[in-house]
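Fold and contact review
Take a look at the letters that make up each chain.
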Amino acid sequence: MKKKLLLPFIVIVTIVTITGCTGSLRLDTDKLGIEIGSNGRIVALTDKSGDRDLLAAGQTSTLLSVRKEGVYYEPSAVDFSDGLLTLRYSKPGIRAVIK
């Protein structure tokens, strides 16, 4: 039986723009910007008030890890369509859909 994981995506401030560009997805508010790479990792987290990246130089961060049967999986791909952010994982059958 195929299980589907649906998680709410809570944003404190309103998302004003969602931009897809080659290999990444960018979500912006008036105060914060986040860029998600095609592999589902955060590649930039920008504080717009200070115009600085909040991630350590040269580092990325996993957007959402999933634990199944005691094993942690990191996303391997991301897609945004119809208002849903879908993360796919290396283990077949695992995906997270964020609304």
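Residues numbered from 1 in each chain as written. Predicted model: local features only at pLDDT ≥ 70, side-chain atom pairs only at ≥ 80, totals over all residues. Heavy atoms only, no water.

**A word on the confidence of the model for the chain**
Across the chain, pLDDT averages 79, with 78% of residues at or above 70. Across residues 1–21 the pLDDT falls below 50, and counting only partners more than four positions away or on other chains, this stretch makes 36 contacts in the model. (pLDDT = per-residue confidence, 0-100. Contact = heavy atoms within 4.5 Å.)

**As for the pattern of salt bridges**
All told, the structure shown has five salt bridges when counted by the stated rule. The closest approach of N and O atoms between Arg-26 and Asp-28, which form a salt bridge, is 3.3 Å. Judged by relative accessible area, which is 10%, Asp-28 ranks as buried. Ionic contacts of the salt-bridge type, sharing partners, join the residues Arg-26, Asp-28, Glu-35 and Lys-48 into one network. (Salt bridge = Lys/Arg side-chain N within 4 Å of Asp/Glu carboxyl O. Buried < 20%, exposed > 50% of the residue type's maximum accessible area, 1.4 Å probe, protein only.)

**Digging into the nonpolar core**
By size, the foremost hydrophobic cluster in this structure holds 15 residues, and its most contacted members are Ile-36, Leu-85, Leu-87 and Tyr-89. What Tyr-89 contacts, discounting residues up to four positions off in sequence, is Leu-64, Val-66, Tyr-73, Glu-74, Pro-75, Ser-76, Ile-94, Arg-95 and Ala-96. (Core = buried A, V, L, I, M, F, W, Y, C linked by side-chain atoms within 4.5 Å.)

**Concerning the environment of Leu-87**
When you line up the elements, Leu-87 lands in strand S11 (residues 84–89). In this structure the C-alpha to C-alpha distance between Leu-87 and Ile-98, which are 11 residues apart in sequence, comes to 8.2 Å. Sequence-distant contacts of Leu-87, that is, excluding residues within four places in its chain, are made with Gly-40, Leu-63, Leu-64, Pro-75, Ala-77, Val-78, Ile-94, Arg-95, Ala-96 and Ile-98. (Helix = DSSP H or I, 4+ residues; strand = E, 2+ residues; numbered from the N terminus.)

**Side note on the environment of Lys-68**
For Lys-68, the position within the fold is in strand S8 (residues 66–68). For Lys-68, a relative accessible area of 36% corresponds to the partly exposed category. A sequence separation of 26 residues divides Lys-68 from Ile-94, and the C-alpha atoms of the two residues are 8.9 Å apart. Setting aside residues no more than four positions away along its own chain, Lys-68 makes contact with Tyr-73, Lys-91 and Ile-94.

**Considering unusual backbone geometry**
Located in the positive-phi region is Asp-51, a residue other than glycine, with phi close to 45°. For Asp-51, the location among the structural elements is in the loop between strand S5 (41–47) and strand S6 (52–53). If you check the backbone angles, Asp-82 has positive phi at about 55° while not being a glycine. For Asp-82, the position within the fold is in the loop between strand S10 (75–81) and S11.

**Observations regarding the pairing of S5**
Of all seven residues in S5, five are buried, a share of seventy percent or more. Bridge count between strand S4 (residues 32–37) and S5: five bridges; the pairing is antiparallel. Note that in S5 the partner of Ile-34 across the bridge is Leu-45. Here S4 hands over to S5 after three residues, with Gly-40 in that stretch at a positive phi of 80°. Sheet analysis places S5 next to S6, joined by two bridges and oriented antiparallel. Bridge pairing links Thr-46 to Asp-53 in S6. Counted between consecutive antiparallel strands, the loop separating S5 from S6 contains four residues, among which Asp-51 sits at a positive phi close to 45°. (Pairing = 2+ DSSP bridges.)

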